[in-house]
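# Survey of secondary and tertiary structure
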Amino acid sequence: MFEEAWFQSSLLDVDTPETVGALGTTVERVRLTDGAWVDLRRGWISGADELFARLMETVPWRAERRKMYERIVDVPRLLCFYADGEPLPDPLLTEARATLDHHYAPELGEPFTTAGLCLYRDGKDSVAWHGDTIGRGSSQDTMVAILSLGTPRTLALRPRNGAAPPLRYEVGHGDLLVMGGSCQRTWEHAVPKSARPLGPRISVQFRPRGVR
Ligand SMILES: O=C(O)CCC(=O)C(=O)O
Ligand SMILES: [Fe+2]
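Residues numbered from 1 in each chain as written. Chains lettered and ligands numbered in written order. Predicted model: local features only at pLDDT ≥ 70, side-chain atom pairs only at ≥ 80, totals over all residues.

### Overview of the site of ligand 1
Put simply, the rule reads: To decide nearness, the C-beta atom of each residue is placed from the backbone, and the residue is near a molecule or strand if that atom lies within 6 Å of it. Helix and strand assignments come from DSSP, with helices taken as H or I runs of at least 4 residues and strands as E runs of at least 2, each series counted from the N terminus. When residues are sorted by character, Ala, Val, Leu, Ile, Met, Phe, Trp, Tyr, Cys and Pro go into the nonpolar class, Asp, Glu, Lys and Arg into the charged class, and all the rest, Gly among them, into the polar class.
Every residue lining ligand 1 is accounted for by Gly116, Cys118, Val127, Asp132, Ile146, Leu155, His189, Val191, Ser203 and Gln205. For the shell around ligand 1, the secondary-structure elements that each account for two or more residues are β8 (114–120), β14 (187–191) and β15 (201–207). Considered class by class, the residues forming the shell around ligand 1 number five nonpolar, four polar and one charged.

### Here's the deal with the UniProt feature "domain: Fe2OG dioxygenase" (unreviewed entry) in the protein chain
Worth spelling out the cut-off: UniProt positions are given in the numbering used here, feature names are shortened, and annotations may be inferred rather than shown by experiment.
The residues that UniProt annotates with the feature "domain: Fe2OG dioxygenase" (unreviewed entry) are residues 111–210. Annotated as 4% helix and 48% strand, the span residues 111–210 places its first and last C-alpha atoms 11 Å apart.

### Details of helix α2 (residues 49–58)
An α-helix turns once per 3.6 residues; consequently, residues spaced three or four apart project the same way. So the rule is basically this: To sort residues by exposure, count the other C-beta atoms lying within 10 Å of each residue's C-beta; 20 or more gives buried, 12 or fewer gives exposed, and values between give partly exposed, all with C-beta atoms placed from the backbone. Here, the arc refers to the directions that run from the helix axis to the C-beta atoms. Two residues qualify as a contact pair if the distance between their C-beta atoms, derived from the backbone, is within 7 Å.
Among the residues of α2, those classed as buried are Asp49, Leu51, Phe52 and Leu55. For α2, the angular spread of buried residues about the axis comes to 165°, placing them on one side. Exposed and facing more than 90 degrees away from the buried side of α2 are Glu57 and Thr58. Looking at the buried residues of α2, the elements they touch are β4 (45–46), α3 (91–108), β10 (144–150) and β15.

### With respect to the environment of Asp74
Along the chain, Asp74 falls in strand β6 (residues 71–74). Here the alpha-carbon distance between Asp74 and Pro91, two residues 17 residues apart in the chain, equals 31 Å.

Structure representation (structure tokens):
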């Protein structure tokens, strides 16, 4: 139902063939404080309408509940996690990951092995301020590469020490944003709720083993 609304308002690129673009010099790096950085590659995947539709359809999206401040609350987005060694839900994501590995392996020193998928059904879905610090990201430099599909949303970043104002990146259909260096432990990120009626967004987070 909600995907129809999004397609009616977009029909962005139905005639464009699905392509995972090159990275190389198309990636723009923004250096943050404390050894954190963000890479941006707008329009990395073109012709991604069909990919979006396939993921909506084929991923076994799950609602989760979590304990927060002594209460059990609904997680405000749907989730699906592909562990190390599990096949990704779409061949285009496998190709995207191979392209990331080719570009980042020299700097990262290891491949991206897991994929976390989030579905933000509308503007009320969100992720609160956090760093991906469940695993090694709490103590080591690492990378988290995020592919955005569907409705553009704001990905906000702020330093944990409060020394700089938050940054806001509008991440759109087919865009790649990579958080690197110390970003998970020295900065936090969030996808804030929006008061505007928004269509759905899918985010695919590629992470190395042991980063969560
Ligand atoms: O949706 C996004 O782009 C970010 C998701 C995120 O930060 C997470 O799942 O850890
Ligand atoms: Fe995160």
